[in-house]
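Given next are the chains, with one letter for each unit.
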Amino acid sequence: MRLERRHRSSRAALLLAPVGAVAFTLLVSALLVLWAGAPVGRTYALLLQGGFGSVFAWSETLTRAVPLILTGLAATVAFKARLFNIGAEGQLYAGALAAVAVGGLHGGTGFELPTWLLFPLMMAAAALAGALLLLGPALMKSRLGVDEVVTTLLINFIVLLGVSAMLDGPMKDPSAMGWPQSVSLQSELELAKLVVQTRIHTGLLWAAGLAVLVWLLFKYTVIGFDIRAVGANARAAAFAGVPVTRTVVWVALLSGALAGLAGAIEVAGRTSYVTLDMSPGYGYSGIVIAMLAGLHPLGVLAAGVFVAGVLVGADTMSRAIGVPTYIADVIVAASLIAVLVATLLTQYRVRLK
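If you're wondering where the values come from, they're calculated on a predicted model, not measured in any experiment. (Residues numbered from 1 in each chain as written. Predicted model: local features only at pLDDT ≥ 70, side-chain atom pairs only at ≥ 80, totals over all residues. Heavy atoms only, no water.)

Observations regarding the layout of surface pockets
Part 1 of the argument: Taken as a whole, the largest pocket holds about 1100 Å³ of empty space.
Part 2 of the argument: Along the wall of the largest pocket there are 38 residues; nearest its centre are Met291, Leu292, Ala293, Gly294 and Val339.
Part 3 of the argument: Listing elements by their share of the lining of the largest pocket, those giving two or more residues are helix H1 (11-35), helix H2 (40-52), helix H3 (55-80), helix H8 (222-232), helix H11 (282-292), helix H12 (297-321) and helix H13 (326-347).
Part 4 of the argument: The dominant element in the lining of the largest pocket, judged by the number of residues it contributes, is H13, at 9 residues.
Part 5 of the argument: Partitioned by chemical class, the residues of the lining of the largest pocket number 26 nonpolar, 8 polar and 4 charged.
Part 6 of the argument: Surrounding the second largest pocket, 17 residues form its lining, Arg64, Pro280, Leu311, Ala328 and Asp329 being those nearest its centre.
Part 7 of the argument: When residues of the lining of the second largest pocket are traced back to their parent elements, those giving at least two are H3, H11, H12 and H13. (1 Å grid on protein atoms, 1.4 Å probe; cavity = no way out; pocket = protein on both sides within 12 Å on 5 of 7 lines; lining within 4 Å. Points joined across faces, edges and corners; volume = space filled by probe spheres on them. Helix = DSSP H or I, 4+ residues; strand = E, 2+ residues; numbered from the N terminus. Nonpolar A, V, L, I, M, F, W, Y, C, P; charged D, E, K, R; others polar.)

So this is what it looks like as structure tokens:
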């Protein structure tokens, strides 16, 4: 069996590929639901109802989607230039810690600066922390040929250990009764709620706005063209005069900054402080979202809401019929594999030798 590249992909194949991917995902998940002894139809109905069936469900889904969209954008920017950033989880925590360091320490006064100045400084510190965390692996890749997958992945564990040390040390909240958490942001720095009596906050607007800005960057700017050129073929891009190393540096700074902002917005919008379990793997889920979106910044918005809805709906489903919430992880993973295979089949045809 071999793969033969198609001369062109038909419009029908491009339209049917996502449909086939969804059908495959539902089939695989249905087999696991049957194995657990639950009715498939009711399981899926509860999953949809829990994630999208009410105002409260939508508010929880959109709240969960905010960090997923931002880490998805971080992965999209990096992967577009073939800089495989697996470190968004560590960058998210670094951004969250930097935000609290600026807006919560110093006796809770935040350097005694006015809120209109302190808030942008807090966000800038978070973005800078995430950006610098990815800059090292990017330079090691471009200068020394070091595999960025390994370095960014290992940095995640180093950052989490560093966060643990800070939460048990100089940034520990003395009023937390021994619980390892940071001091809280001052209330003036917290993001406003979009809907009263829900947890959805203006971080959603940040995420949507940044997705549009990244799309505009890719489509209409020189640096966006350079990023796409380096991702398509770095050697050919260099031959054509594209500054490959400088482009990789810009990509690293932007990707890391987006992941760092995810941490700051999660703190300012939802938790108010940093804990070690603040992120249930948002950085890694961002990779899945970027791939589901086909590395399209606007597609990341839809993919982020889809993944968040599945994760939120799984909690309702589990409480109602006892199916483990891990079925949500299976659905997300199966959908990723299905989309990748469907996309491959739109570009290649299978030939039997």
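Some details on the packing of aromatic side chains
Part 1 of the argument: For the coordinates displayed, the defined rule picks out 4 aromatic pairs.
Part 2 of the argument: Ring centres of tryptophan 215 and tyrosine 220 lie 6.1 Å apart, and the angle between their planes is 85°; this geometry places the pair in the edge-to-face category.
Part 3 of the argument: Residue tyrosine 220 is classed as exposed on the basis of its relative accessible area of 58%.
Part 4 of the argument: Its end group placed over the ring of tyrosine 220, lysine 219 keeps NZ or CZ at 5.8 Å from the ring centre. (Phe/Tyr/Trp six-rings, centres within 6.5 Å; stacked < 30°, edge-to-face > 60°. Buried < 20%, exposed > 50% of the residue type's maximum accessible area, 1.4 Å probe, protein only. Lys NZ or Arg CZ within 6 Å of the ring centre and 35° of its normal.)

Overview of the pattern of salt bridges
Part 1 of the argument: By the definition in use, this model includes 3 salt bridges.
Part 2 of the argument: Measuring nitrogen to oxygen at the nearest pair gives 3.2 Å for the salt bridge that ties glutamate 148 to lysine 141.
Part 3 of the argument: The class for glutamate 148 is buried, based on a relative accessible area of 4%.
Part 4 of the argument: Across the salt bridge formed by glutamate 266 and arginine 270, the nearest N and O atoms sit 2.4 Å from each other. (Salt bridge = Lys/Arg side-chain N within 4 Å of Asp/Glu carboxyl O.)

Some words on helix H4 (residues 88-103)
Part 1 of the argument: Taking 1.5 Å of rise per residue, the 16 residues of H4 would be expected to cover 22 Å, and the 22 Å separating its terminal C-alpha atoms lies within 8% of that figure.
Part 2 of the argument: H4 sits mainly inside the fold: 15 of its 16 residues count as buried. (Expected span 1.5 Å × (residues − 1).)

Digging into the nonpolar core
Part 1 of the argument: Within the largest apolar cluster, 95 residues are counted, with the highest numbers of intra-cluster contacts made by Met122, Met123 and Val274.
Part 2 of the argument: The contact partners of valine 274, leaving out residues within four places of it in the chain, are Tyr93, Ala96, Leu97, Val100, Val163, Leu167, Pro180, Gln181, Ser182 and Val267. (Core = buried A, V, L, I, M, F, W, Y, C linked by side-chain atoms within 4.5 Å. Contact = heavy atoms within 4.5 Å.)

A few points about the environment of proline 243
Part 1 of the argument: Looking at where proline 243 falls in the secondary structure, it is placed in the loop between helix H9 (234-239) and helix H10 (244-271).
Part 2 of the argument: For proline 243, a relative accessible area of 26% corresponds to the partly exposed category.
Part 3 of the argument: Between the C-alpha atom of proline 243 and that of isoleucine 227, which follows or precedes it by 16 residues, the distance is 9.9 Å.

Quick word on the packing of H3 against helix H7 (residues 203-220)
Part 1 of the argument: For the pair H3 and H7, interaxial distance at closest approach is 9 Å and the crossing angle is 20°. Considering their axes alone, H3 and H7 lie roughly parallel with respect to each other. When the axes of H3 and H7 are compared, the crossing they make is left-handed. Contacts between H3 and H7 involve Leu62, Val66, Ile69, Leu70, Leu73, Thr76, Val77 and Lys80 from the former and Gly203, Leu204, Ala207, Leu210, Ala211, Val214 and Phe218 from the latter. (Axes fitted to C-alpha atoms, helices over the stretch in contact; angles between N-to-C directions. Parallel < 35°, antiparallel > 145°, perpendicular 65-115°, else oblique. Left-handed = near helix turned anticlockwise from the far one by under 90°.)

Details of the environment of alanine 98
Part 1 of the argument: Following the sequence through the fold, alanine 98 ends up in helix H4.
Part 2 of the argument: Judged by relative accessible area, which is 14%, alanine 98 ranks as buried.
Part 3 of the argument: For the pair alanine 98 and alanine 125, spaced 27 residues apart in sequence, the C-alpha separation works out to 5.8 Å.
Part 4 of the argument: For alanine 98, the contacting residues outside a window of four places in its chain are Ala125, Ala126 and Ala129.

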